[in-house]
Amino acid sequence: MSLLEGEPRVVTVGAQLFSDALASQAVPVTQVDWRPPLGEVGIEDALTRVIADPRIAKANATAIDRLLTAGAELVDVRPASEALGLQPGQFLHAGPPIGWERASGPLRGALIGAMVYENLAPTPETAEAALASGTGVSWEPCHHHRTVGPMAGVVSPSMWVFELRDPVHGGTAFCSLNEGLGKVLRYGAYGPDVIERLHWMSDVLGPLLQTAVRRHVATAPIDVKAIATQMLQMGDEGHNRNRAGTLMFLRELLPDLIESGAPTADVAKAAAFIGGNDHFFLNLGMPACKLATDAARDLPGSSVVVAMARNGTDFGIQVSGTGDRWFTGPANTPEGLFLGAFGPEDANPDIGDSAITETGGIGGFAMAAAPAIVKFVGGEVADAIEATRLMYEITLAESPTYQVPVLGFRGTPTGIDATLVTRTGILPHINTGMAGKVAGTGQVGAGLVNPPAEIFPAAVRALAELAPPVGGGA
Amino acid sequence: MTELIDVRRGAYHDSVTLMQVSRDVAAVDGVNAAQVAMGTELNLDLMRGMGFNTPPAGPNDLVVAVRAADEDAVARAVAAMELALASGSGGSGNLAGDEPAPRTVASATRRAGGADLALVSVPGPHAFTEAMDALGSGLSVLVFSDNVPVEQEVRLKDEARARGLLVMGPDCGTAVVSGVGLGFANAVRPGPVGIVAASGTGAQQLMCMLDTREVGVSHCLGVGGRDLSAAVAGRSTKTALAMLDDDPGTELIVLVSKPPDPAVAADVTAYAESLETPVLLALLGEGQDDLTVVAARAVQALGRTWAEPWSWDDQQHPAASGHLRGLFAGGTLCDEAMVIASATLGEIRSNIPLRPEWALGPDLRSIGHAMVDLGDDALTQGRPHPMIDQRTRIDRIAVEAADPTVSVLLLDVVLGHGAHPDPAAELAPELAAVRQQAADAGRDVAVVVSLCATVDDPQDSRRQAELLHEAGAAVFLSNAAAARHAVALAAGVAP
């Protein structure tokens with residue numbers, strides 16, 4: 001009860017005149033820049049019910065604790081058939097569930113390519129016909145199988161996946177191996193080069209990584225979270241820039257690759273492939289974030305967002321307190337820079353599970369750590385800093401591990417709260433690649449994107465339905 | 001005649017700012033009607049009422065409606081609006097790399113490196129969220145907002161109790177904490193009286209009455225008008241009493257409330273008696289002491305001498321009796337005036353009637369003796385409080401004075417932090433004008449003002465009194481005395 005001891009320091013929200021009246025009394029006052037919430041009429045009642053829920057404070061605190069304390073170690077590299085039990089004709093894909101009819105160009109392209117790669121169809125045309133008819137094929141979201149996939153995110157049984165484990169909370173997460181940039185399957189390309197590269201990855205790269213990783217973890221863990229922590233201090237943000245992370249991973253694994261006993265030519269090619277693909281580490285950073293957000297799942301009353309994912313048509317989120325339910329809206333088309341002659345008209349709407357990085361507190365949320373790619377956010381370093389600072393308004397914590405040097409090593413904004421997004425109208429800032437909207441095109445650019453605003457109030461309404469009436473007990 | 005209807009999606013400004021902007025735009029030469037407002041149902045209704053064809057818009061959209069003589073006037077109106085909007089926003093010129101403005105109470109508290117109290121005045125349906133944010137950040141809260149459901153109030157107060165914090169409100173208009181005025185608060189000197197008030201203007205009146213005897217206030221903690229109801233059961237009253245009891249600067253506690261729920265009254269009384277600091281219980285309403293008498297009791301309890309507060313009532317009295325019309329910004333001041341008036345005049349019609357059968361009709365048109373609380377929740381939805389913006393009252397002064405049965409107008413003018421910066425400057429010309437119009441029609445309309453003020457109020461209370469007096473008003477610092485004077489005039493009894 002210290003309120004009456006000395007002159008109060010005041011926070012005001014609402015009419016400016018009360019703040020002015022306090023300032024004129026020389027009282028320290030901070031005015032909130034308040035706006036009406038997102039969502040239609042009645043959203044204030046839903047917000048009230050969610051925030052009045054006696055469970056929310058503890059549930060969110062637990063969610064945040066798990067999100068922040070989760071570890072991420074690379075423990076194995078295995079074929080998806082073995083690691084995930086995928087059978088021929090079964091595929092995983094990015095984003096919330098979707099059928100062929102509504103599937104975007106890049107997702108269709110990636111599924112077509114995967115059919116050809118798995119020898120389930122002799123040509124792209126026959127693959128497309130089989131996929132459209134649905135006979136002998138099925139696809140489900142990666143997220144439903146503890147997996148994440150960048151862009152189209154298509155995983156087929158013969159592809160090899162990283163297997164990461166959270167030693168703190170015991171979770172496991174998987175992610176495919178990154179193919180590089182340009183014409184690649186995850187951007188919807190399925191030409192002969194693409195299929196040939198995928199075969200090399202499963203025939204040579206996968207087994208080689210498996211041997212090296214198993215050698216390494218026999219003596220020391222491969223701490224992916226530690227690499228991610230360091231990369232943020234080296235100009236990466238973990239989504240659109242993974243250069244430092246990639247090289248650190250290669251540095252860690254190179255001795256084991258060399259001592260794997262594999263032919264020198266294969267080792268050299270693998271090292272060149274990894275080191276030459278600035279995004280190789282993305283497929284390790286993503287499952288690391290997936291481990292953290294999965295640890296925060298299924299806490300009744302919690303409004304913490306545990307997944308943001310897009311399939312090229314829909315943008316979906318999942319929230320801790322609402323289980324596996326997706327809240328979806330139309331995916332926006334990113335704004336940014338284009339490769340070669342591509343322009344905005346060539347870009348497909350937002351796609352990929354890679355927004356798990358923002359959900360986990362890096363990527364666009366750590367934009368200020370990556371001045372080299374500020375052109376995606378307007379060109380000025382100050383814009384990158386502002387982008388990160390704005391995200392503190394919609395997150396519940398600052399990461400004790402992921403830090404931004406230019407902000408005085410302040411922890412990255414972590415733990416998106418659906419109620420804060422709804423209240424402030426500030427949408428998560430997502431850095432992303434852009435796929436061509438026509439199947440087979442591949443990457444056309446990179447930039448930034450926001451989720452559709454309505455999915456956050458939708459999640460709040462769902463939480464409200466699960467909350468007791470206001471005044472139902474404190 | 002030219003009309004402009006414009007919808008600006010997602011351009012949010014608070015209603016107070018927009019009222020001021022609307023006024024600036026309406027004042028532009030050649031503009032016949034103008035409304036700049038967020039597209040709430042209420043505002044769109046208002047615009048339709050002004051004859052505009054309203055476009056589809058939501059509460060996050062800024063709607064601009066202007067009717068003017070010609071295109072030039074419309075252009076001038078738009079320019080005036082842009083200027084007014086720009087001057088209203090403090091956030092412009094945000095240097096690259098600056099911290100964005102905090103958007104929630106929790107964020108603002110972190111930015112400030114800690115805080116003690118949050119003052120919440122967002123629209124009622126949003127108040128709970130911000131108030132919970134404050135409690136969660138370890139801040140006590142003053143909820144100025146009204147229209148907050150009682151179950152939300154109970155939830156807030158339970159949360160506060162669990163955290164050892166205080167919730168003042170909802171609908172708490174006034175508090176003074178360690179000399180700092182919050183909401184609408186007169187500038188009071190420091191002193192020995194601690195106040196716990198379930199009535200904002202009641203607390204202001206009491207502090208102003210104490211001030212006339214140079215008796216100061218340690219703290220004045222509002223609790224909200226419903227705190228002593230059966231539903232809320234004195235949750236904040238008991239916390240506030242305990243805080244003042246612990247406060248070494250408080251020698252006497254005065255608890256101001258409308259008659260509480262009997263069970264709650266018994267509980268709170270027993271609690272008050274358990275405290276070391278003496279508690280003076282001041283209940284408002286029929287058969288109870290008025291606030292001026294309460295102040296006298298408090299002053300005497302401290303062993304000091306009481307004297308009747310200052311007044312200035314040398315105006316010529318109306319020749320004939322007639323109806324009394326009260327137009328109040330303060331609900332408790334209105335209520336107190338009605339209690340005093342009905343003792344002599346009988347039935348007093350009101351929007352907050354003493355008896356249900358005395359209620360005004362839905363159009364609130366005055367009949368007989370009538371008093372209107374213009375600050376009532378029902379009248380402040382979507383518009384600023386009459387202590388901030390006097391337009392509703394000024395319009396109504398003209399209506400009442402033009403009624404040939406009316407002989408006396410009774411007004412409160414509340415000064416202090418947060419209130420209108422110069423109310424007399426707006427009221428005095430209107431009062432002089434309506435008195436003149438009545439005189440031209442061969443009638444007398446007397447004006448009596450209850451000036452709720454202290455000598456240190458930022459508006460300069462002496463100058464306010466002078467302006468009102470020059471306009472022909474009798475001016476009283478005591479609301480009860482003002483009411484008695486007005487009643488005597490209306491009854492045709494020389495006061």
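Since this is a predicted model, take the numbers as computed values, not measurements.

Rules behind the numbers
- Residues numbered from 1 in each chain as written.
- Chains lettered and ligands numbered in written order.
- Predicted model: local features only at pLDDT ≥ 70, side-chain atom pairs only at ≥ 80, totals over all residues.
- Helix = DSSP H or I, 4+ residues; strand = E, 2+ residues; numbered from the N terminus.
- Rg over C-alpha atoms; globule rule 2.2 N^0.38 Å.
- Buried ≥ 20, exposed ≤ 12 C-beta atoms within 10 Å, placed from the backbone.
- Pairing = 2+ DSSP bridges.
- Axes fitted to C-alpha atoms, helices over the stretch in contact; angles between N-to-C directions.
- Contact = placed C-beta atoms within 7 Å.
- Core = buried A, V, L, I, M, F, W, Y, C linked by C-beta atoms within 7 Å.
- Right-handed = clockwise from strand over helix to strand, strands pointing away.
- Parallel < 35°, antiparallel > 145°, perpendicular 65-115°, else oblique.
- Left-handed = near helix turned anticlockwise from the far one by under 90°.
- Expected span 1.5 Å × (residues − 1).
- pLDDT = per-residue confidence, 0-100.
- Nonpolar A, V, L, I, M, F, W, Y, C, P; charged D, E, K, R; others polar.

Peer 1: Before we go on, may I ask you to explain the overall build of chain A in this structure?
Peer 2: Looking only at helices and strands, one finds 15 helices and 18 strands in chain A. Scaling as 2.2 N^0.38, a compact globule of 474 residues should have a C-alpha radius of gyration of about 23 Å, and chain A matches this with 23 Å. With respect to the three principal axes, the spread of C-alpha positions in chain A is 75 × 50 × 45 Å. Taken over 474 residues, chain A has a buried fraction of 62%.

Peer 1: Where do I start with the overall build of chain B in this structure?
Peer 2: Within chain B, the regular secondary structure consists of 16 helices and 19 strands. Scaling as 2.2 N^0.38, a compact globule of 495 residues should have a C-alpha radius of gyration of about 23 Å, and chain B matches this with 23 Å. Dimensions along the principal axes, computed over C-alpha positions, put chain B at roughly 70 × 65 × 40 Å. Per-residue burial over chain B gives 55% buried out of 495 residues.

Peer 1: Looking at this structure, how should I read the sheet that holds strand β2 (residues 31-38) of chain B?
Peer 2: Residues and elements named next belong to chain B. Taken in spatial order, the three strands line up as β1-β3-β2 in an open sheet, and their pairing is antiparallel. Where the open sheet ends on each side, the last strands, each with one partner, are β1 (2-8) and β2. Taking each pair of neighbouring strands and ignoring which way they run, the sheet shows an average axis angle of 5°. Of the pairings in the sheet, the one linking β2 to strand β3 (residues 62-68) comprises seven bridges and is antiparallel in character. Bridging from a neighbouring strand, alanine 34 pairs with valine 66 of β3. Packed onto the sheet, helix α2 (residues 41-49) meets β2 and β3 and runs at close to 170° relative to β2.

Peer 1: For this particular structure, what's the right way to read the nonpolar core?
Peer 2: Among soluble globular proteins, nonpolar side chains are generally buried collectively. All names here are of chain B. In this structure, Val120 and Ile195 are the most contacted members of the largest nonpolar core, which totals 299 residues. Not counting residues within four places of it along the chain, the set of residues in contact with isoleucine 195 comprises Ala203, Leu206, Met207, Val217, Cys220, Leu221, Val254 and Val256. Judged by nonpolar contacts, the second largest core, of 23 residues, contains Val21, Ala34, Val36 and Val66.

Peer 1: Sorry, what's going on with the pairing of strand β17 (residues 406-414) of chain B here?
Peer 2: Looking along a regular strand, one sees side chains alternate from face to face of the sheet. All names here are of chain B. Most of β17 sits out of view: nine of its nine residues are buried. For strand β14 (residues 323-328) and β17, the ladder comprises five bridges, and the chain directions are parallel. Its bridge partner being in β17, leucine 327 is matched across the sheet by leucine 411. Note that the unit made of β17, helix α14 (residues 423-440) and strand β18 (residues 446-452) has a crossover that is right-handed.

Peer 1: Help me understand the interface of chain B and chain A, please; the structure alone is not making it clear to me.
Peer 2: Quoted interface sizes are often the accessible area lost when the parts come together. Between chain B and chain A, the residue contacts involve 64 residues of the former and 46 residues of the latter. The set of elements that each furnish at least two residues to the side of chain B that touches chain A consists of α1 (15-26), α4 (105-111), β4 (117-120), α5 (124-136), α6 (150-163), β8 (180-183) and α8 (235-246) of chain B. Counting residues per element, the side of chain B that touches chain A draws most heavily on α5 of chain B, at eight residues. Judged from the four bridges that link them, strand β1 (residues 10-13) of chain A and β4 of chain B form a sheet pairing that is parallel. Note that in β4 of chain B the partner of threonine 12 of chain A across the bridge is leucine 119 of chain B.

Peer 1: Looking at this model, I keep getting lost on the packing of helix α2 (residues 43-52) of chain A against α5 of chain B. Mind explaining?
Peer 2: For any two helices packed against each other, one specifies the crossing angle of their axes together with the interaxial distance. Following both chains from N to C, one finds α2 of chain A and α5 of chain B inclined at 30°, their axes separated by 8 Å at the closest point. In terms of axis orientation, α2 of chain A runs roughly parallel to α5 of chain B. In terms of crossing hand, the pair formed by α2 of chain A and α5 of chain B is left-handed. Contacts from Glu44, Leu47, Thr48, Ile51 and Ala52 of chain A in α2 of chain A reach Pro125, His126, Phe128, Thr129 and Met132 of chain B in α5 of chain B.

Peer 1: Help me out: how do you make sense of the sheet that holds strand β12 (residues 327-330) of chain A in this one?
Peer 2: Hydrogen bonding along the main chain pairs the strands of a sheet, whether they run parallel or antiparallel. All names here are of chain A. Taken in spatial order, the four strands line up as β12-β11-β10-β14 in an open sheet, and their pairing is antiparallel. Of all the strands in the sheet, just β12 and β14 (351-352) have a single pairing partner and so form its edges. Against the sheet, helix α15 (residues 455-466) contacts β11 (314-319) and β12, and its axis sits at roughly 155° relative to β12.

Peer 1: I'm lost on helix α3 (residues 56-69) of chain A in this one. Help?
Peer 2: Counting along an α-helix, one turn takes 3.6 residues, and residues three or four places apart therefore face a common direction. All names here are of chain A. Over its 14 residues, α3 runs 20 Å from end to end, which matches the ideal 20 Å to within 8%, given 1.5 Å per residue. If you check which residues of α3 are buried, you get Ile56, Ala59, Asn60, Ala63, Ile64, Arg66, Leu67 and Leu68. Check the buried side of α3 and you find it contacts α2, α11 (282-295), β15 (395-404) and β16 (410-416).

Peer 1: Just checking my understanding: could you explain helix α15 (residues 461-470) of chain B for this structure?
Peer 2: Those residues of α15 of chain B not exposed but buried are Ser461, Gln464, Ala465, Leu467, Leu468 and His469 of chain B. Against the buried residues of α15 of chain B lie β13 (311-312), β17, α14, β18 and β19 (473-476) of chain B.

Peer 1: Is there a simple way to think about the environment of leucine 241 of chain B in this case?
Peer 2: Residues and elements named next belong to chain B. By secondary structure assignment, the location of leucine 241 is in helix α8. Its 24 C-beta neighbours within 10 Å are what place leucine 241 among the buried residues. As for leucine 241 and valine 120, which are separated by 121 residues in sequence, their C-alpha atoms are 22 Å apart. In contact with leucine 241, not counting residues within four places along its chain, are Val196, Ile253, Tyr271, Ala272, Leu275 and Val279.

Peer 1: Looking at this structure, I do not really get the confidence of the model for chain B. What am I missing?
Peer 2: Do not read the predicted coordinates in detail wherever pLDDT is low. Across chain B, pLDDT averages 91, with 97% of residues at or above 70. Low pLDDT, under 50, characterises residues 89-96 of chain B; the predicted model gives this stretch five contacts beyond four residues in sequence or across chains.

Peer 1: Can you walk me through the pairing of strand β10 (residues 217-222) of chain B in this structure?
Peer 2: Residue and element names in this part refer to chain B. β10 sits mainly inside the fold: six of its six residues count as buried. Where strand β7 (residues 174-177) lies against β10, two bridges are found, and the strand directions are antiparallel. Within the sheet, the bridge partner assigned to valine 177 lies in β10 and is histidine 219. Pairing of strand β9 (residues 190-197) with β10, which is carried by five bridges, proceeds in the parallel orientation. What sits directly across from proline 190, in β10, is valine 217. This β-α-β element, β9 to helix α7 (residues 200-212) to β10, shows right-handed connectivity.

Peer 1: What is the right way to look at the packing of α7 of chain B against helix α10 (residues 291-301) of chain B in this model?
Peer 2: Residues and elements named next belong to chain B. At a minimum axis separation of 9 Å, α7 and α10 run at an interaxial angle of 50°. The angle between the axes of α7 and α10 places the two elements in the oblique class. As for how α7 packs across α10, the hand of that crossing is right-handed. Contacts between α7 and α10 involve Gly202, Gln205, Leu206, Met209 and Leu210 from the former and Leu291, Thr292, Val294, Ala295, Ala298 and Val299 from the latter. Classifying every residue of the contact of α7 with α10 by side-chain character gives eight nonpolar, three polar and no charged.

Peer 1: I would appreciate a short explanation of the environment of alanine 265 of chain A in the present structure.
Peer 2: Residues and elements named next belong to chain A. Mapping alanine 265 onto the fold places it in helix α10 (residues 264-275). Residue classification places alanine 265 among the exposed positions, given that 9 C-beta atoms sit within 10 Å. Between the alpha carbons of alanine 265 and phenylalanine 18 there is a distance of 73 Å; along the sequence they are 247 residues apart.

Peer 1: Could you clarify how one ought to interpret the environment of proline 260 of chain B in this entry?
Peer 2: Residue and element names in this part refer to chain B. The topology assignment puts proline 260 in the loop between β11 (252-257) and α9 (262-273). C-beta crowding within 10 Å serves as the criterion here: with 24 such atoms nearby, proline 260 is assigned to the buried category. Separated by 23 residues in the primary sequence, proline 260 and leucine 283 have C-alpha atoms spaced 8.2 Å apart. Sequence-distant contacts of proline 260, that is, excluding residues within four places in its chain, are made with Leu228, Ala265 and Val268.

Peer 1: Looking at this structure, how should I read unusual backbone geometry?
Peer 2: It is generally the case that most residues other than glycine have a negative phi and that most peptide bonds are trans. Cis peptide bonds are those with omega within 30 degrees of zero, and the linkage from glycine 169 of chain B to proline 170 of chain B qualifies with 0°. Turning to its location among the elements, proline 170 of chain B is positioned in the loop between β6 (167-168) and β7. The backbone of alanine 26 of chain A sits at a positive phi, close to 60°, despite the residue not being glycine. Residue position: alanine 26 of chain A is located in the loop between α1 (16-24) and β2 (29-32). For alanine 26 of chain A, a count of 9 C-beta atoms within 10 Å corresponds to the exposed category. With phi around 60°, leucine 364 of chain B is a residue other than glycine that occupies positive phi space. Structurally, leucine 364 of chain B is set in the loop between β15 (349-350) and β16 (370-373). Note on leucine 364 of chain B: 17 C-beta atoms within 10 Å, which makes it partly exposed.

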